[in-house]
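# Residue-level structural notes
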Amino acid sequence: MYIPRFKKLKDAVKEIKRINKRINSYFSSLQMYHLLRAGILTNVRIKNDYYINMDELYKLFTEEEK
Amino acid sequence: MEYLSLLDMLLLLKKDNPENPFSKYFVLAFVKANNIDYKIVDGQYLVNIKQFMEKVNPKHIDRPYAPVKIMVSHGFIENHNITHIYKLDQLLFKTILNQNVPFIKLKSLYFFNYYKFQEEWKKLRNIPIKTKNTE
């Protein structure tokens, strides 16, 4: 049984910005929050801490899924 | 195997990815918040692993995925200085997304795979995308 990578919301946004390097992707915590609220990403939450499943996020944007 | 203690659960959660930011407190709070089945034996919490995994990983992700460059449509317009030709390219932009590039539409925003988008853009326009940084 594989357990996916999880990151806290702010750390997840930081990682995406780090991958994009010099180009500003305009991907913010607020947009990540909207993705969670829309049900596109699994909402794993304890009080105000949101945990993002990074593998699930990357899977949405990989070619084989389309 | 159906019921695991909090410590075993924590070891399991960190088995594949030791950097997962979970703690015993997280497991217990998550179990209580999501009505997951648990029992207390000799003062020790035992949690139903199947129900727990169904809540944490409902889409059954079974392997790691490589990181992807994710771009938001607003960012694309801003970075590539195409505001003045945006109306002309708007159709092209949507065509590319609909054909080959994995994307998500949320209200007026498009989130898409930037690597794939660049490839398709080059094929159709025969010019590379100029960024502000490279100009």
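Reference entry: report on the structure contained in this document. (Residues numbered from 1 in each chain as written. Chains lettered and ligands numbered in written order. Predicted model: local features only at pLDDT ≥ 70, side-chain atom pairs only at ≥ 80, totals over all residues. Heavy atoms only, no water.)

## Side note on the interface of chain B and chain A
- Each partner contributes residues to the interface: chain B has 48 residues there, and chain A has 42 residues.
- Both sides of the chain B and chain A interface together cover about 4400 Å² of buried area, and 67% of this is carbon and sulfur.
- By the criterion of area lost to chain A, the three top residues of chain B are Ile61(B), Tyr65(B) and Ile70(B), representing 16% of everything that side buries.
- On the surface where chain B and chain A come into contact, there are one salt bridge.
- Notably, a salt bridge pairs Lys59(B) with Glu56(A), separated by 2.8 Å at the nearest N-O pair.
- Inspection of the region where chain B meets chain A yields eleven residue pairs in polar contact (both at pLDDT 80 or more).
- Elements with a contribution of two residues or more to the side of chain B that touches chain A: α1 (6-13), α2 (24-33), α3 (49-56), β4 (70-72), α4 (73-79), β5 (103-106), β6 (109-113) and α6 (114-125) of chain B. (Contact = heavy atoms within 4.5 Å. Buried area = accessible area lost by both parts, 1.4 Å probe. Salt bridge = Lys/Arg side-chain N within 4 Å of Asp/Glu carboxyl O. Polar contact = N/O pair within 3.5 Å; in protein donor to acceptor, adjacent residues only side chain to side chain. Helix = DSSP H or I, 4+ residues; strand = E, 2+ residues; numbered from the N terminus.)

## Details of the sheet that holds strand β2 (residues 38-41) of chain B
Residues and elements named next belong to chain B.
- Taking strand neighbours across the sheet as the criterion, the three strands line up as β1-β3-β2 in an open arrangement whose pairing is antiparallel. Each edge of the sheet is formed by a strand with only one pairing partner; in this case those strands are β1 (3-5) and β2. Strand-to-strand, the axes of this sheet are offset by a mean angle of 35°, without reference to chain direction.
- Note: β2 against strand β3 (residues 44-48), four bridges, orientation antiparallel. The partner of Lys-39 across the bridge, within β3, is Leu-46.
- Sheet strands in contact with α1 are β1 and β3, and its direction is about 95° off that of β1.
- On top of the sheet, α3 reaches β1 and β3; it is set at about 65° to β3, its chief contact. (Pairing = 2+ DSSP bridges. Axes fitted to C-alpha atoms, helices over the stretch in contact; angles between N-to-C directions.)

## Points about the pattern of salt bridges
All names here are of chain A.
- Applying the stated criterion to the full structure yields five salt bridges over all chains.
- Arg-5 is the salt-bridge partner of Asp-55, the closest N and O atoms lying 2.7 Å from each other. In this pair, Asp-55 is assigned in helix α3 (residues 54-60) and Arg-5 in the segment before β1 (6-8), connecting sequence segments 50 residues apart.
- Classification of Arg-5 by relative accessible area gives partly exposed; the value is 22%.
- Note that Glu-15 is salt-bridged to Lys-7, the shortest N-O span being 3.5 Å. (Buried < 20%, exposed > 50% of the residue type's maximum accessible area, 1.4 Å probe, protein only.)

Keep in mind that these numbers describe shape and distance, not what the molecule does.
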